[in-house]
Amino acid sequence: MAKYKKKRVRELQHDRFRDTTMGLLERLGDKLEGKGRAILYGIVGLVVLGALIGLYLNWSSRKDNEARRALGRAITIATTPISATPSTNPSTPSFTNERERSQRAVEEFQKVSAKYGDPYRAEARYFAATNLLQFDRARGIAELTELSKGNTEVATLSKFALAQTKESDGSLDEAAQLYRDIAGQKSAIVTPEVANLRLAMVYEKQGKRTEAADLLFNIVETSRKAKDEDGQPELPTPVASEAGKQLEKIDPARYAQLTPPTPRTDLPF
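Since the model is a prediction, treat every value here as computed from it, not as a measurement.

Moving on, we come to the pattern of salt bridges. Evaluated as defined, the whole model comprises 13 salt bridges. With a shortest N-O distance of 3.4 Å, E146 and K149 are connected by a salt bridge. Look at E146 and you get partly exposed, because its relative accessible area is 43%. A salt bridge links D214 to R254; its shortest N-O distance comes to 2.5 Å. Taken together, the positions of D214 in helix α8 (residues 209-225) and R254 in helix α10 (residues 252-256) put the pair 40 residues apart, joining distant regions of the chain. Judged by relative accessible area, which is 31%, D214 ranks as partly exposed. Look at the salt bridges and you will find they share partners, linking R104, E108 and K111 into a network.

Our focus in this paragraph is helix α6 (residues 172-185). Taking 1.5 Å of rise per residue, 14 residues should cover 20 Å, and α6 covers 20 Å from first to last C-alpha, within 8% of that figure. Of the positions making up α6, those classed as buried are L172, A175, A176, L178, Y179, I182 and A183. When α6 is viewed along its axis, its buried side chains cluster within an angular range of 165° and face the same direction. Across α6 from its buried face, at more than 90 degrees, point the exposed residues D173 and G184. Of the surrounding secondary structure, the elements contacted by the buried residues of α6 are α5 (153-168) and α7 (192-205). In the stretch just after α6, K186 is the one whose phi turns positive, near 50°.

Here we take up the nonpolar core. Counting 40 residues, the largest nonpolar core has L144, Y179 and L216 as the members making the most contacts within it. Where this core is concerned, the elements lending two or more residues are α3 (120-132), α4 (137-147), α5, α6, α7, α8 and α9 (238-250). Look past the residues within four positions of Y179 in its chain and what remains in contact with it is F160, A163, Q164, E167, A195, R198, L199 and V202. Within the second largest apolar cluster, 14 residues are counted, among which are L71, A74, F109 and A128.

Going from D118 to P119, the amide bond is cis rather than trans, its omega being 10°. With respect to the helices, strands and loops of the structure, P119 is situated in the loop between α2 (98-115) and α3. Positive phi outside glycine occurs at K186, with the angle close to 50°. Relative to the assigned elements, K186 resides in the loop between α6 and α7. Look at K186 and you get exposed, because its relative accessible area is 65%.

Bringing the packing of α3 against α4 into the picture now. When two helices pack together, their arrangement is given by the angle between the helix axes and the distance between those axes. Two elements in contact, α3 and α4, have axes separated by 7 Å at closest approach and are oriented at 150°. By the criterion of interaxial angle, the relationship of α3 to α4 is roughly antiparallel. Crossing hand, α3 versus α4: left-handed. Together, R125, Y126, A129, T130 and L132 of α3 and R137, R139, G140, E143, L144, E146 and L147 of α4 make up the contact between the two elements.

Counted by the stated rule, this structure contains three aromatic pairs. Between the aromatic rings of Y126 and F127, the centroid separation amounts to 5.3 Å while the plane-to-plane angle is 55°, which identifies the pairing as tilted. With relative accessibility at 15%, the residue Y126 sits in the buried group. Ring centres of F160 and Y179 lie 5.9 Å apart, and the angle between their planes is 65°; on these two criteria the pair is classed as edge-to-face. Here Y179 lies in helix α6 and F160 lies in helix α5, a separation of 19 residues in the sequence. Across the pair, Y179 and F160 agree in class, each one buried.

Parameters and conventions
Residues numbered from 1 in each chain as written. Predicted model: local features only at pLDDT ≥ 70, side-chain atom pairs only at ≥ 80, totals over all residues. Heavy atoms only, no water. Salt bridge = Lys/Arg side-chain N within 4 Å of Asp/Glu carboxyl O. Buried < 20%, exposed > 50% of the residue type's maximum accessible area, 1.4 Å probe, protein only. Helix = DSSP H or I, 4+ residues; strand = E, 2+ residues; numbered from the N terminus. Expected span 1.5 Å × (residues − 1). Arc of directions from axis to C-beta. Contact = heavy atoms within 4.5 Å. Core = buried A, V, L, I, M, F, W, Y, C linked by side-chain atoms within 4.5 Å. Axes fitted to C-alpha atoms, helices over the stretch in contact; angles between N-to-C directions. Parallel < 35°, antiparallel > 145°, perpendicular 65-115°, else oblique. Left-handed = near helix turned anticlockwise from the far one by under 90°. Phe/Tyr/Trp six-rings, centres within 6.5 Å; stacked < 30°, edge-to-face > 60°.

Below is the structure:
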């Protein structure tokens with residue numbers, strides 16, 4: 001009985017609110033008449049629409065935060081150092097070998113992929129695929145191949161991981177084609193400089209030393225000629241520095257043809 005009373009009070013309060021609100025709308029509508037009434041209901045509609053948008057954005061923000069935390073937990077598991085001594089803290093994951101860690105990481109990434117939409121779903125699938133390579137290589141390769149289709153950042157990362165896998169497995173022709181494709185995309189996530197460095201290493205493994213030297217020479221030469229917005233020489237990137245080391249090893253004569261590095265004049269030392 002008490003529950004019924006409380007329910008009824010809420011119903012009566014709701015009715016009073018409805019009557020008061022509708023009464024105000026009707027009185028204001030009578031004053032506006034004709035088009036004024038349409039304008040009034042249009043304004044009310046916009047207010048309701050704004051409230052719904054606000055509710056959706058608030059819900060969406062919560063889901064985004066939840067997805068980021070879940071993806072972060074999975075990444076933490078995937079990057080946990082391997083230790084022969086298990087952790088005594090039950091809240092801290094510990095793994096004695098890479099296979100065990102990768103299997104657990106795949107489980108966590110698959111949970112994220114199943115529960116959330118993109119971009120978290122695609123990112124989780126990519127991370128799961130790279131971990132699958134540790135214990136189910138064929139399945140990991142199949143997943144990376146599927147993910148590599150398209151022009152998204154995840155597609156580029158998947159294609160690069162696939163190229164590295166093919167290179168590691170000795171499928172050098174396939175790896176070279178993938179690296180060439182990535183270089184041609186001019187992506188910011190895997191730059192042409194990075195893709196061409198790996199392509200040069202594949203060429204070197206294939207015995208194509210001239211092609212490898214050409215790529216390495218272009219990477220280093222472009223880096224040495226680059227200027228910043230103040231007209232000062234750009235500092236060499238780690239990729240350009242590595243390309244220089246590889247070129248000197250593969251073709252010392254070609255390395256000697258490089259433009260000498262220009263020292264910056266704005267540095268204190």
